[in-house]
Structures are given as structure tokens and as C-alpha cells.
Amino acid sequence: MGLQRFERRLERLVEGAFTKAFRSGLQPVEIGRRLVRELDAGRTVGVRGMVAPNRFSVWLSAEDAERFAGFMDALQRELQDAVREHARDENYHFIGPVEVLIGVDERRKRGDMKVVAEIVEAEGGHIGSIVFPDGRRVPLGQETAMIGRLPECAVPLSDPQVSRHHAEVRPDHDGYRVVDLGSMNGTLVNGTRISEHVLRDGDEIVIGATTLRYEES
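None of these values were measured; they are calculated from a predicted model. Here, residues in each chain are numbered from 1, in the same order as that chain's written sequence. Local features in a predicted model are, by the rule used here, given only for residues with pLDDT of at least 70; side-chain atom pairs are given and counted only at 80 or more, and totals for whole chains, interfaces and linings are based on all residues. Working from all heavy atoms in the structure, the side-chain values ignore hydrogens and water.

**Overview of the overall build of the protein chain**
The following threshold applies: Where helices and strands are cited, they refer to DSSP runs of H or I of at least four residues and of E of at least two residues respectively, numbered from the N terminus. When accessible area is computed with a 1.4 Å probe and restricted to protein chains, residues below 20% of their type maximum are described as buried, those above 50% as exposed, and intermediate ones as partly exposed. Only heavy atoms enter the contact rule, under which two residues are in contact if any of them lie within 4.5 Å. Where accessible areas are quoted, they stem from the Shrake-Rupley method and a 1.4 Å probe; at the residue level, only the protein chains shown are allowed to cover.
Looking only at helices and strands, the protein chain features 4 helices and 16 strands. The buried share of the protein chain, taken over its 217 residues, is 45%. Considering only contacts in the protein chain between residues 6 or more positions apart, those separated by 24 or more positions represent 59%. When the accessible area of the protein chain is evaluated, it comes to approximately 11,400 Å², of which 47% is carbon and sulfur surface.

**Observations regarding the pairing of strand β15 (residues 204–207)**
Looking down a regular strand, the side chains alternate between one sheet face and the other. Basically, it comes down to this: Any two strands are treated as partners once DSSP identifies two or more bridges connecting them.
Residues Ile205 and Ile207 line the buried face of β15, whereas the alternating positions Glu204 and Val206 sit on a face that is not buried. Bridge analysis of strand β12 (residues 187–189) against β15 gives 2 bridges, and the strand direction is antiparallel. Bridge pairing in β15 links Val189 to Ile205. Across 4 bridges, the pairing between β15 and strand β16 (residues 210–215) is antiparallel. Considered in β16, the bridge of Ile207 is made with Thr210. Hairpin connection, β15 to β16: the antiparallel pair is bridged by 2 residues, and Gly208 has positive phi, about 60°.

**Topic: the packing of aromatic side chains**
Quick note on the threshold: Each Phe, Tyr or Trp ring (for Trp, its six-membered ring) is paired with any other whose centre lies within 6.5 Å, and the angle between the two planes then decides the class: stacked below 30 degrees, edge-to-face above 60, tilted in between. We call a charge positioned above a ring when the Lys NZ or Arg CZ atom is no farther than 6 Å from the ring centre and deviates by at most 35 degrees from the ring normal.
Counted under the stated rule, the structure contains 1 aromatic pair. Geometry around Phe132 places Arg136 over its ring, the cationic atom sitting 4.1 Å from the centre.

**So, the sheet that holds strand β4 (residues 99–104)**
Formally: Note on geometry: axes are C-alpha line fits, over the in-contact stretch for helices, and angles between N-to-C directions span 0 to 180 degrees.
Spatially, 3 strands are ordered β4-β3-β5 in an open sheet, and the strand pairing comes out mixed. Strands with a single pairing partner mark the edges of an open sheet, and in this sheet they are β4 and β5 (113–118). Put simply, the sheet's adjacent strands are angled 15° from each other on average, direction ignored. The sheet contact formed by strand β3 (residues 55–60) and β4 spans 6 bridges and is parallel. Bridging across to β4, Val58 finds its partner in Ile102. On the sheet, helix α2 (residues 28–41) packs against β3, β4 and β5 and is oriented at approximately 35° with respect to β5.

**As for the side chain of Ser61**
Along the chain, the position of Ser61 falls in the loop between β3 and α3 (62–68). Setting aside residues no more than four positions away along its own chain, Ser61 makes contact with Val104, Asp105, Arg108, Lys109, Arg110 and Asp112.

**A closer look at the pairing of strand β11 (residues 175–180)**
Extensive coverage of β11 is indicated by the burial of 5 of its 6 residues. As paired elements, strand β10 (residues 167–172) and β11 share 6 bridges and run antiparallel to each other. Considered in β11, the bridge of Pro171 is made with Tyr176. Between β10 and β11, which pair antiparallel one after the other, the connecting turn spans 2 residues, and His173 there sits at a positive phi close to 55°. The sheet contact formed by β11 and strand β14 (residues 196–198) spans 3 bridges and is antiparallel. Pairing of Val179 across the sheet is with Glu196, part of β14.

**With respect to the pattern of salt bridges**
Stated precisely, the cut-off is as follows: Each reported salt bridge corresponds to a side-chain nitrogen of Lys or Arg within 4 Å of a carboxyl oxygen of Asp or Glu.
In the structure shown here, the tally under the stated rule is 18 salt bridges. Note that Asp105 and Arg107 form a salt bridge whose closest N and O atoms lie 3.1 Å from each other. Overall, Asp105 belongs to the buried group, its relative accessible area being 8%. Classification of Arg107 by relative accessible area gives exposed; the value is 66%. For Asp112, the salt bridge goes to Arg108, with nearest N and O atoms at 3.2 Å.

**A closer look at the nonpolar core**
The condition is simple: Take the buried Ala, Val, Leu, Ile, Met, Phe, Trp, Tyr and Cys residues and link them wherever side-chain atoms come within 4.5 Å; each set so joined is a nonpolar core.
Ile31, Leu35, Leu39, Val58, Leu60, Phe94 and Ile102 are the most contacted members of the largest nonpolar core, which has 25 residues in total. Looking at this core, the elements with two or more residues in it are α2, β3, α4 (72–90), β4 and β5. It is α4 that provides the largest number of residues to this core, a total of 6 residues. Ile130, Leu157, Ile207 and Leu212 belong to the second-largest nonpolar core, a separate cluster that totals 20 residues.

Functional significance is not addressed by these values, which are geometric in nature.
Shown next, in the form of C-alpha cells:
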């Protein structure tokens, strides 16, 4: 399950220099568990199935926030991934990008937190991202996103097997479609060579030696 994967990643994240900081007080994994509970509690029926909250405001005590300060950006990314993975496991959908915002509430005591979960629609109605193997994300919007070897491409890949303009991701009704642009070595989606393909959450796009993932959030 997504939360279990998150817990394992978080264990690696807080090893070494951060270990002493988490011997007492609020544990990062407690935030992940709380977000998953709020995700389940806030889901509602939408046109495409179950729609879940996508914006989470997490309010911590000043003391806990200070302990997390050294790796706050990494923690927020891991929490966002935990939300996405749990939603994928439960077949929830989002109507906007997943955001986890962490702030300080002076009324909170150490170990205490408040979480506000909201369903916030993306501008234009389309959401999605192309995710690199190292976790970098390229948000998709209303414009076509080019994938290729040229550095000005939205998804640049420095690989001799990749054509300069190899493929592109186009807005398509409720989501996106990947289209091969007559490339020399082709484009694969989930192991099958395609000329074009309507993307679904979790689809793997192989271009040259790189495996990209499409996520609906």
C-alpha cells in the first residue's frame, strides 16, 4: 500500500543526521498517516468516480516545525507522493494538483497538529505530470509538452537514442494523449510500441533508455 511505501522511504530520509531529532515529539510518519485518514474521510462521488481532497494544510507547533526545517522540502514531496500512491491504490481521482503545505500554528503544542483537507480544482480542468525516474516532475497544462533531445523541450532527454522532437503529450478531452512524432527508435507505453495513446494514471512511457511515468496529479 502507498502508506507502507511512504513509511519505508521516510525511514531512509531521517537516517543519519536527522536521527536524533526524531527520538521524541511528533514523528513525520504520523503526518503521513493523518493525511491518508483525511484523504479517505474527505472523498466524495464525482463524475469519474471517487474524488479525493488534493490540498492539505498541516499546522504544527513551532518546536516540531523547527525540527523538520532541515529537510522540509523533501518531507513535503514524500507526503505528496504518499497521498498520490494511496489514491492510486484506492482508485480515487483528483481534480487539481496534490499539494501539502506545512505551517506553524502557535496554539499547537509539541506533538500536536491540525490538518485541513480540501478539494481544489485545477485551472482549465486538466491536471497531470510527467515524472522522471529521479522524482522530478513536469506539470502538464493546456499546452502541448514536447519530449525530445533538444534542451528547450518541456521534457528534455540527453540520450542519443532519442530524436530531437521524439514525442509530445497533448491535452485530450478529460486528460492527455502521448503521440510519437515518427521517431527513429519509437515510443513505448507499458511495454507496447505506440503511435499514439490516451494516458491513464501510472502509465510508463519508455523513450530511449528513460522510463517516464504519467500521473494524474
